[in-house]
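A look at the structure
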Amino acid sequence: MSRMGDVLAGFHAAWEFESDSVLIRYERGLRTPKLLSALGERRIPLAAIGRVTLTAGKRGTVVLQAEPRPGADPLMEAAAGQLKEGCDPYRLVLPAQRETLAEYYADELRARLTDSGPAERFLVDAPEAPLSFKAYDGKASFDGRTVRFRWFWTGASSAKWKAGDQSFAVSALSGVEWRSPEVFEGHLRLLRGEAAPAQADQDPATVVFGLGYGPVHESLPFAAAVLAAVRGRGSAAAVPAAAAVTPRRDPADIAERIRHLGELHLAGLVTDEEFSAKKAELLAEL
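Residues numbered from 1 in each chain as written. Predicted model: local features only at pLDDT ≥ 70, side-chain atom pairs only at ≥ 80, totals over all residues. Heavy atoms only, no water.

With that settled, the discussion passes to the overall build of the protein. Counting its secondary structure elements, the protein contains seven helices and 14 strands. Classification of the 286 residues of the protein by burial places 44% in the buried group. Nonlocal contacts in the protein, meaning residues at least 24 apart in sequence, comprise 58% of its contacts between residues at least 6 apart. With an accessible surface of roughly 15,000 Å², the protein has 52% of that area assigned to carbon and sulfur atoms. (Helix = DSSP H or I, 4+ residues; strand = E, 2+ residues; numbered from the N terminus. Buried < 20%, exposed > 50% of the residue type's maximum accessible area, 1.4 Å probe, protein only. Contact = heavy atoms within 4.5 Å. Areas by Shrake-Rupley, 256 points an atom, 1.4 Å probe, with all protein chains shown as cover.)

Okay, the sheet that holds strand 10 (residues 146-151) next. As a general point, the strands of a sheet are linked pairwise by backbone hydrogen bonds and lie either parallel or antiparallel. Taken in spatial order, the four strands make up an open sheet running 8-9-10-11, and their pairing is antiparallel. The open sheet has two edge strands, strand 8 (131-134) and strand 11 (166-169), and neither has a second partner. Strand-to-strand, the axes of this sheet are offset by a mean angle of 10 degrees, without reference to chain direction. In terms of strand pairing, strand 9 (residues 138-142) meets strand 10 through five bridges, oriented antiparallel. The partner of Lys139 across the bridge, within strand 10, is Arg150. Docked against the sheet, helix 5 (residues 216-231) engages strand 8, strand 9 and strand 10, running at close to 140 degrees with respect to strand 8. (Pairing = 2+ DSSP bridges. Axes fitted to C-alpha atoms, helices over the stretch in contact; angles between N-to-C directions.)

Tallied over the full model, the rule gives 14 salt bridges. Across the pair Arg25 and Glu16 runs a salt bridge, and its minimum N-O distance is 2.7 Å. Classification of Glu16 by relative accessible area gives buried; the value is 15%. Bridged by salt links that share partners, the residues Glu16, Arg25 and Glu41 form one connected network. (Salt bridge = Lys/Arg side-chain N within 4 Å of Asp/Glu carboxyl O.)

What follows deals with the nonpolar core. Generally speaking, nonpolar side chains in soluble globular proteins are found buried as a group. Of all hydrophobic cores here, the largest spans 66 residues; its most connected members are Trp15, Leu64, Val147, Leu188, Leu190, Leu220 and Val226. With near-sequence residues (within four places) excluded, Val147 lies in contact with Ser141, Phe142, Gln166, Ser167, Phe168, Leu173, Leu190, Phe222 and Val226. Listed in part, the five residues of the second largest apolar core include Ile254, Ile258, Leu261 and Phe275. (Core = buried A, V, L, I, M, F, W, Y, C linked by side-chain atoms within 4.5 Å.)

This part covers empty space enclosed by the protein. Using the criterion set out here, one finds one cavity of 30 Å³ or more in the structure. Taken together, Trp15, Val22, Ile24, Ile44, Ile49, Ala66 and Tyr90 make up the lining of the largest cavity. (1 Å grid on protein atoms, 1.4 Å probe; cavity = no way out; pocket = protein on both sides within 12 Å on 5 of 7 lines; lining within 4 Å. Points joined across faces, edges and corners; volume = space filled by probe spheres on them.)

The next thing to look at is unusual backbone geometry. Cis geometry marks the peptide bond from Ala129 to Pro130, where omega comes out at 10 degrees. Within the chain, Arg59 stands out as a residue other than glycine whose phi angle is a positive 55 degrees. Position of Arg59 among the secondary structure elements: in the loop between strand 5 (49-56) and strand 6 (61-68).

Moving on, we get to the confidence of the model for the protein. Looking at the protein, pLDDT values average 89 and 89% of them are 70 or higher. In the predicted structure, residues 234-247 sits below a pLDDT of 50 and forms four contacts with residues beyond four places in sequence or in another chain. (pLDDT = per-residue confidence, 0-100.)

Moving on: the packing of aromatic side chains. Taken as a whole and assessed by the stated rule, the structure comprises nine aromatic pairs. A centroid spacing of 6.5 Å and a plane angle of 65 degrees characterise the contact between Trp15 and Phe17, whose relative ring orientation is edge-to-face. The exposure class of Trp15 is buried, given its relative accessible area of 1%. Taking relative accessible area as the criterion, Phe17 reaches 0% and is therefore assigned buried. An aromatic cluster is present here, built from Trp15, Phe17, Tyr104 and Tyr105 joined pairwise through their rings. (Phe/Tyr/Trp six-rings, centres within 6.5 Å; stacked < 30°, edge-to-face > 60°.)

Quick look at the sheet that holds strand 13 (residues 187-191) now. Across the sheet, which stays open at both edges, the three strands sit in the order 12-13-14 with antiparallel pairing between neighbours. Strand pairing shows two members of the sheet lacking a second neighbour, strand 12 (175-179) and strand 14 (206-208), which therefore form its edges. Between one strand and the next, the sheet's axes are offset by a mean angle of 10 degrees, whatever the strand orientation. Sheet topology places strand 12 next to strand 13; five bridges connect them, and they run antiparallel. When the bridges of strand 13 are listed, Glu177 appears paired with Arg189. Packed on one face of the sheet, helix 5 meets strand 12 and strand 13 and runs near 165 degrees to strand 12.

A word on the pairing of strand 2 (residues 13-17). Among the five residues of strand 2, four are classified as buried, and the element is accordingly described as predominantly covered. Across four bridges, the pairing between strand 1 (residues 6-9) and strand 2 is antiparallel. Counterpart to Ala9 in the pairing with strand 2 is Ala14. Here strand 1 hands over to strand 2 after three residues, with His12 in that stretch at a positive phi of 75 degrees. What sits between strand 2 and strand 3 (residues 21-26) in their antiparallel hairpin is a turn of three residues.

Below, the structure is given as structure tokens:
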């Protein structure tokens, strides 16, 4: 770039230009989209950028847009084109008076881009684990090695209660499917290379979103982190056996789960054998 450390500030974000990357810092405020506030800052290597544009925006603004190469950013790969324009982390909106300055930086960036084709690996860092969020039917957590789903008795289907709380090692996953909570049937599905139930609420490898549950700024960084771990697991160190041990449950939580299991049993949704087996499984967690 022209001078290391040059900064171009716009609405909700500022871009700092370095010799081999752009450091994007997002504002934290009521008017800033929650996803950008949650990301905080991101360093985008120039090698991850495929194209740069400058276009007229709305209401006396211009928009400097960097487009990542396919496969370069786990966040954008997980989003799969579902982000609203205002939540795009590669979009910098500026007052029209700064158009000349923005054009200068756009030209500087274009001159340093080397490839616009698909990237062979992720070049942008994913959000760091541990991460968690509340879906409608359960709580999802990720520690960098294992994804865990803990079902809520108020929202989980009987099929998920029968299956019990779930743990998925990164090594057992083939990918992640994120469907935005802002559209119908939003969910986070863990892909395992095998056929899954068509309905998300029947799949123990899926948590379902809903109004106020699994918001974009929580569930998308989560999905990106899991996807990055899945794609990069080949170079990851083996997980010690002790790390796979499930922690002891809260006795009050176990009692509540047994109570709900009994309700399912009385309603005829769980057989005698299933009730006995699941109850024994829950008691063993104490």
